[in-house]
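# Structure assessment
Here are the chains, one letter per residue:
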Amino acid sequence: MTTMHPVCTLSDLLPERPVAALIDGRQVAIVRLHDDRVVAVGMWDPFARANVMARGLVGSSLVDGEDVPVLFSPMYKQAFDLRTGVCLSDPSKALGTWAVAVLDGRVFVGAQLSEEAPVRHAEAGLAKAG
């Protein structure tokens, strides 16, 4: 069973304004989309090599004919698909995604669902715990 961590209330999150949270020692950016869906991706920008993604801009991009929510890096403006965490211009780079649930107006973040780009750990000088 996955542990879900209470983070905030849905009303604490402004639509399309990312906020930072610490989940199991990992920094994540939580985003409430305009339709009230909530997603969580990693804070680590693999291009800027810094935890800055909660300062990015939320928008949308056309991907295979579908309008998808994206988070633009505040540093170099790469667009990351908020559904998958993958960079649209360089699919070898990713933010990672986390499980999110909204229950009774409260936002919970759980386990990491997808990994960040492997280069994240090497560039940060961190050993990946397994």
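Residues numbered from 1 in each chain as written. Predicted model: local features only at pLDDT ≥ 70, side-chain atom pairs only at ≥ 80, totals over all residues. Heavy atoms only, no water.

### Quick look at the environment of S89
Topologically, S89 is positioned in the loop between β9 (79-81) and β10 (95-103). Its relative accessible area of 60% is what places S89 among the exposed residues. Each C-alpha atom, one on S89 and one on Q78, is 7.0 Å from the other, the two residues being 11 residues apart in sequence. (Helix = DSSP H or I, 4+ residues; strand = E, 2+ residues; numbered from the N terminus. Buried < 20%, exposed > 50% of the residue type's maximum accessible area, 1.4 Å probe, protein only.)

### Focus on the sheet that holds β9
Pairing within the open sheet is antiparallel, and its three strands lie in the order β7-β8-β9. The open sheet is flanked by β7 (57-63) and β9, the only strands paired with a single partner. Across the sheet, the mean angle separating the axes of adjacent strands is 45° when strand polarity is ignored. In the sheet, β7 pairs with strand β8 (residues 66-72) via seven bridges, with the strands oriented antiparallel. When the sheet's bridge partners are listed, S60 is paired in β8 with P69. (Pairing = 2+ DSSP bridges. Axes fitted to C-alpha atoms, helices over the stretch in contact; angles between N-to-C directions.)

### What about the environment of D90?
Along the chain, D90 falls in the loop between β9 and β10. Here D90 falls in the partly exposed class, since its relative accessible area comes to 25%. Spatially, the C-alpha atoms of D90 and F80 are 9.3 Å apart, while their sequence positions differ by 10 residues. Of note is the side chain of D90, whose polar atom sits 2.6 Å from the side chain of S92. (Polar contact = N/O pair within 3.5 Å; in protein donor to acceptor, adjacent residues only side chain to side chain.)

### What about the sheet that holds strand β4 (residues 38-42)?
Backbone-to-backbone hydrogen bonds join strands into a sheet, with any given pair of strands oriented parallel or antiparallel. Read across the sheet, six strands follow the order β1-β11-β10-β4-β3-β2 without closing on themselves; strand pairing throughout is antiparallel. Since the sheet does not close on itself, it has two edges, and those belong to β1 (5-9) and β2 (19-23), each with one partner. Neighbouring strand axes in the sheet, compared pairwise and without regard to direction, differ in orientation by 35° on average. The pairing of β4 with β10 spans two bridges and is antiparallel. Each bridged residue has a counterpart across the sheet, and for V41 the counterpart in β10 is T97.

### Some remarks on the pairing of β10
Here seven bridges tie β10 to strand β11 (residues 106-116), and the two strands are oriented antiparallel to one another. Residue W98 lies in a different strand from β11, and its bridge partner there is Q112. Counted between consecutive antiparallel strands, the loop separating β10 from β11 contains two residues, among which D104 sits at a positive phi close to 50°.

### Focus on the confidence of the model for the protein chain
For the protein chain, the mean per-residue pLDDT works out to 90, and 88% of the residues sit at or above 70. Low pLDDT, under 50, characterises residues 119-130; the predicted model gives this stretch 14 contacts beyond four residues in sequence or across chains. (pLDDT = per-residue confidence, 0-100. Contact = heavy atoms within 4.5 Å.)

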